[in-house]
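Survey of secondary and tertiary structure
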Amino acid sequence: MTGATAHDVPRPRRRARDSLGRPPLVLLLPAVVAVLLLVSPLVTMVVATDPSSLAAAAGSPAVADALWLSFITSTAATVICLVLGLPLAWMLARVDFPGRRLVRSLVIVPMVLPPVVAGIALRTAFGRSGLLGEPLLATTGFAFPYTTWGVVLAHVFVALPFVVISMEGGLRAAGSGYDAAAATLGASRWLTFRRVTVPLALPGIAAALVLGWARSLGEFGATITFNGNYPGITQTMPTLIYVERQSDTDAVLALSLIMLAVSVGVLVALRDRWLVTA
Amino acid sequence: MNRPGKEGPASRARRSAAPRVRRVAAGLAAVPLVAAVLTGCGPARGEDTLQVLAAASLTDAFTELGDRFEAAHDGTDVQFSFGSSTDLAEQAADGAPGSVLATADEDAMTIATDAGAAAAPTVFATNTLVIVTPRDNPAGIGSLRDLAGTTWVRCADQAPCGRVARTVLQDAGISATPASLEEDVRATLDKVVSGEADAALVYATDAASAGDAVTTVDIPGAEREQNSYLIAALAGANDPELARAWTDFVTGPEGEAVLTAAGFSRP
Amino acid sequence: MRDVSPGRAGGLAATLTVPGRLDVELTAGPGDVVAVVGPNGAGKTTLVQALAGLQPAAGEQWLAGADLTGVPPQERHVGVVFQDQRLFPNLSALENVAFGPRARGVAAGASRAVARDWLDRLGVGGLAGRRPGELSGGQAQRVAIARALAADPALLLLDEPFTGLDVGVAAALRVELAGHLAGYRGVTVLVTHDAIDALTLATTVAVLDGGRLMQVGPPSEVAARPRTEHVARLVGLNVIRDGDRFRAFTPSAVAVSLHEPDGSARNRWSGTIRSAAPHGGAVRLQVHAGHDLIADVTPAATRELGLAPGRRVWLSVKETAITAY
């Protein structure tokens, strides 16, 4: 939103120096190193990729399946993160309940788990012989492992903490003053949530969802541990890359490049709208 | 932006969290970048340190052999990096520190030999595919034919154990669909041990290492599709003689005894 | 016990305690406008928040015959015009004003009609379609007042409604607000730091300091006999506390000289000039003499005596010019 007005104002031509003077070397140098560190492996990956294997990979049905599954499961996981995460973020940001700090700490824990540990944890809970999974299987005949639902569950598990924490930040940044104003006008908390809180925190909420989607798209450690790997059902793009890595290096580079292109494409498409305001 | 880049730490987390890595130093050495740092400022790696890169399925047998080797060669320290044969071979081809490479099949070893990183390999053991089920065998599996309709897993075609499994299934005329194609044999075994699968196709050695946790069902005719374990000294070995001593030890009578006890067959 | 009859009859009766910040007892009848004055940090905003139910407070609160003790803000029928207005930036002026009626269950069309009416009454009907970001400070404040009144509150809280507005805009709005408040049958509590608001709009002035009410009374009474230095300063009086009693005198009654005055004046002080600024046709000196005093002198005297900040002077007041209470 702020970007729109900024574009209207004529600006002096961008120069390396701003009005406060040249950036000090002690800050400039690490910043440049940081950029190189992040960018150079991606650039070399592009360079190292054999164009013919790229063409082969792009045309492969297995790749198409895996990409499609990645897209579907990440999107489904993001929707679930919205439905479950926004209310939780709201509770954390707006309701002063006992144990709030504890809940926030617990919610963050999966963020610091190595993905494979997340997968093992999911298995102990929702596996076919898991504490919750076994009764679920016994009563409904349904089990999460080896199903696309299991992939979505794993994605939600790893993405939800990021979504909740950044949504909470968005809600806090939007401030509770407007909520108070709405309350004095007679609005219930639910009405305030719909008409005031969410619209005002929308940029933060959207940024959180983009983050969750990206996290979900890249996730595979928990997925492969919890769900295994089967084309079309549980084999997402990162899983395919991981398994393929065992036999064909050229193909792996090509697959990684496709994954990179798709991720960058989505993030760039969303960046101007949301990520910048976040 | 850097999604694919993020896979690196994730996959490493998988490996370092898996039980197959027995020594922290060896596990870290599997990461070339970290290894490069460690050789600079880590624990001193003296002349009498032997670094062995070995297929995950050799974990138990080699750990046992390592202890015996250390006992027989006073002052020698044997360090292992267990992992996927292909991964390790690629690391060796890439110049990762190591004295000896032991792979679970010929294809993987070829990566290292083609790169000139490994000497001529020797076949030192073979392994046979078997069916494992949870101890109580809830799905009542007695042969490959019983796999249809159950939740069973095998290695992905990209892994050596997957190529063997596919051939064995084709030979037997079985077209049952697995629930998952696991990335390696240990992950495959793990699905049964944890009760997440009714059955899995793994090597006899893996079945042996799982002990009481699983029930083993032999596959008639599987011995025709045995896969070979190869061992070779690496060109970058800091002590070539020690590397040769290890390969001799593994292919010698003591190695044979330990490998046989672990479920391997003689070549 | 306390007299809560005004609260039962349609007015406001409240005893509110927020530990460490507020401890007040406030009553007002229907149609009353209570101006709450006090220095920064006196607890004015805390009082507004507590009355609105936005700040948990111990005690009791009755409004228009209803017990509001422990009742959440949305069920209180207390309208608030916030210092920073807090117009919903995502809604138009009209939707902002219609928000209250909508929240109370009035149909969409009827709510908009009510909103349009209130915007017209506050002279901003032409801005109905604008977002708050497209309104000037004065326009936004009018919309905020319309929004509070459109919800038909039994108690209207105005928190510094003229702060941050241009002087001319504030003056015009003050006159208009006086008209609206005159026709308003509920209780109004107006938080202000401006003596003019208190004197022109209020039926009662309540002086808050350190979270406590120091003085409550009609504006003329409070202005003539202030009991706190803050109010004395607001109304331009000198007040000296003398035990339980107060002695007040106007700045124009103070004589300024460079040497200790002779004669019988027993009220004299020596001090240093802090500031000198034009005040009407005179020059108002602020002198620190143990406590702060103000004195009005003619521009000619200022020049002749060289009355500039830093100068030591003597102040004296005739006993007859002093009101004691």
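Residues numbered from 1 in each chain as written. Chains lettered and ligands numbered in written order. Predicted model: local features only at pLDDT ≥ 70, side-chain atom pairs only at ≥ 80, totals over all residues. Heavy atoms only, no water.

**Here's the deal with the interface of chain A and chain B**
- With 39 residues of chain A at the interface, the matching set in chain B holds 36 residues.
- Summed over both sides, the interface of chain A with chain B buries roughly 3,200 Å², with 53% coming from carbon and sulfur.
- Our count for the contact surface shared by chain A and chain B stands at two salt bridges.
- Notably, a salt bridge pairs D190 of chain B with R123 of chain A, separated by 2.9 Å at the nearest N-O pair.
- For the pair chain A and chain B, the number of links is 12 residue pairs in polar contact (both at pLDDT 80 or more).
- Those elements that provide at least two residues to the side of chain A that touches chain B are α2 (25–48), α6 (115–126), α10 (189–218), α11 (221–227), α12 (237–244) and α13 (249–275) of chain A.
- The element that contributes the greatest number of residues to the side of chain A that touches chain B is α13 of chain A, accounting for seven residues.
- Residue classes in the side of chain A that touches chain B are distributed as 20 nonpolar, 14 polar and five charged. (Contact = heavy atoms within 4.5 Å. Buried area = accessible area lost by both parts, 1.4 Å probe. Salt bridge = Lys/Arg side-chain N within 4 Å of Asp/Glu carboxyl O. Polar contact = N/O pair within 3.5 Å; in protein donor to acceptor, adjacent residues only side chain to side chain. Helix = DSSP H or I, 4+ residues; strand = E, 2+ residues; numbered from the N terminus. Nonpolar A, V, L, I, M, F, W, Y, C, P; charged D, E, K, R; others polar.)

**Some points on a nonpolar patch on the surface**
- The grouping of V35, L38, V39, V43, V46 and V47 of chain A at the surface amounts to a nonpolar patch, some 520 Å² of accessible area in total.
- With respect to the element layout, V47 of chain A can be found in helix α2. (Patch = residues over 30% accessible without salt bridge, like charges linked within 9 Å, V, L, I, M, F, W, Y side chains within 5 Å. Areas by Shrake-Rupley, 256 points an atom, 1.4 Å probe, with all protein chains shown as cover.)

**Details of the sheet that holds strand β7 (residues 155–159) of chain C**
Residues and elements named next belong to chain C.
- Strands sit in the order β6-β7-β8-β3-β9-β10 across an open sheet of six strands; the sheet is mixed. Looking at the sheet topology across the chains shown, the edges are occupied by β6 (78–81) and β10 (212–217). Strand after strand, the sheet turns through a mean of 20° between neighbouring axes, direction not considered.
- Contacts from helix α2 (residues 44–52) reach β3 (33–37), β6, β7, β8 (187–191) and β9 (204–209) within the one sheet, and its direction differs from that of β7 by about 155°. (Pairing = 2+ DSSP bridges. Axes fitted to C-alpha atoms, helices over the stretch in contact; angles between N-to-C directions.)

**Side note on helix α7 (residues 160–172) of chain B**
Residue and element names in this part refer to chain B.
- For α7, built from 13 residues, the straight-helix expectation of 18 Å at 1.5 Å per residue is met to within 8% by its first-to-last C-alpha distance of 19 Å.
- Listed in full, the buried residues belonging to α7 are P160, C161, G162, V164, A165, V168 and L169.
- Where α7 is buried, its residues meet β5 (129–134), β6 (152–155), α8 (185–193), β8 (199–203) and β10 (227–233).
- G173 lies just past α7 and shows a positive phi near 70°. (Expected span 1.5 Å × (residues − 1). Buried < 20%, exposed > 50% of the residue type's maximum accessible area, 1.4 Å probe, protein only.)

**Quick word on the sheet that holds strand β13 (residues 254–257) of chain C**
All names here are of chain C.
- With antiparallel pairing, the five strands of this open sheet are ordered in space as β13-β17-β14-β15-β16. What marks the edges here is a single partner per strand, and that holds for β13 and β16 (291–297). Put simply, the sheet's adjacent strands are angled 45° from each other on average, direction ignored.
- Two strands pair when backbone bridges link them, and strand β15 (residues 282–289) and β16 are joined in this way by seven bridges, in the antiparallel orientation.

**What to know about the interface of chain C and chain A**
- Of the residues lining the interface, 20 residues belong to chain C; the matching set on chain A comes to 17 residues.
- Surface buried jointly by chain C and chain A totals about 1,600 Å² across both partners, of which 70% is contributed by carbon and sulfur atoms.
- In terms of surface lost to chain A, no three residues of chain C exceed Q74, R86 and F99 of chain C, which account for 34% of the buried area on that side.
- At the boundary of chain C with chain A, the tally comes to zero salt bridges.
- One can count three residue pairs in polar contact (both at pLDDT 80 or more) joining chain C with chain A.
- Contributions of two or more residues to the side of chain C that touches chain A are made by β6, α3 (93–103) and α5 (137–150) of chain C.
- No other element matches the three residues that α3 of chain C contributes to the side of chain C that touches chain A.
- Tallied by class, residues from the side of chain C that touches chain A come to 14 nonpolar, three polar and three charged.

**A closer look at the confidence of the model for chain A**
- Considering every residue of chain A, the mean pLDDT works out to 87; 90% of them sit at 70 or more.
- Below pLDDT 50 for its whole length, residues 1–8 of chain A participates in three contacts with residues either more than four positions away or in separate chains. (pLDDT = per-residue confidence, 0-100.)

**Observations regarding the domain arrangement of chain C**
Residue and element names in this part refer to chain C.
- Here chain C is partitioned into domain 1 (5–226) and domain 2 (236–324).
- On a C-alpha basis, the centres of domain 1 and domain 2 stand 38 Å from each other.
- In this assembly, four residues from domain 1 lie in contact with five residues from domain 2.
- Around 290 Å² of area is buried between domain 1 and domain 2 when both sides are counted, 62% of it from carbon and sulfur atoms.
- Summed over the shared surface of domain 1 and domain 2, the number is zero salt bridges.
- Taken together, the connections running from domain 1 to domain 2 amount to zero residue pairs in polar contact (both at pLDDT 80 or more). (Domains from an automatic or database assignment.)

**Focus: the state of the cysteines**
Residues and elements named next belong to chain B.
- This model, assessed by the stated rule, comprises one disulfide over all chains.
- A sulfur-sulfur separation of 1.9 Å characterises the disulfide bridge that pairs C155 with C161. An S-S torsion of about -100° defines the bridge between C155 and C161 as left-handed. Each member of the pair, C155 as well as C161, is classed as buried. (Disulfide = S-S within 2.5 Å.)

**Brief notes about the pattern of salt bridges**
- A complete count under the given rule lists 24 salt bridges over all chains for this structure.
- Among the ionic pairs, R104 of chain A bridges to E168 of chain A, the shortest N-O distance being 2.9 Å. Taken together, the positions of R104 of chain A in helix α5 (residues 100–112) and E168 of chain A in helix α8 (residues 148–174) put the pair 64 residues apart, joining distant regions of the chain.
- A residue is classified by how much of its surface remains accessible, and E168 of chain A, at 5% relative accessible area, is buried.
- Among the salt bridges present, the one from D296 of chain C reaches R284 of chain C, with a minimum N-O distance of 3.0 Å. Residue D296 of chain C is found in strand β16, and its partner R284 of chain C is found in strand β15; the two are separated by 12 residues along the sequence. Grouping residues by exposure puts D296 of chain C and R284 of chain C together as buried.
- Through salt bridges with shared partners, one network takes in R104, E168 and R172 of chain A.

**Notes on the pairing of strand β11 (residues 238–242) of chain C**
All names here are of chain C.
- Pairing between β11 and strand β12 (residues 245–249): five bridges, direction antiparallel. Considered in β12, the bridge of N238 is made with F249.
- Linking β11 to β12, which pair antiparallel, is a turn of two residues; within it G243 sits at a positive phi near 65°.

**Some points on the packing of helix α10 (residues 240–251) of chain B against helix α11 (residues 253–261) of chain B**
Residue and element names in this part refer to chain B.
- Following both chains from N to C, one finds α10 and α11 inclined at 55°, their axes separated by 4 Å at the closest point. It follows from the interaxial angle that α10 and α11 lie oblique. The segment α10 lies against α11, with F249, V250 and T251 engaging P253, E254, G255, E256 and L259.
- Split into classes, the residues belonging to the contact of α10 with α11 amount to four nonpolar, two polar and two charged. (Parallel < 35°, antiparallel > 145°, perpendicular 65-115°, else oblique.)

**Considerations on a positive patch on the surface**
Residue and element names in this part refer to chain C.
- Residues R225, R227, R241 and R245 make up a contiguous surface patch of positive charge.
- Residue placement: R245 occurs in strand β12.
- According to the relative accessible area criterion, R245 is partly exposed, its value standing at 45%. (Lys, Arg positive; Asp, Glu negative; His and termini not counted. Charge placed at Lys NZ, Arg CZ, Asp CG, Glu CD.)

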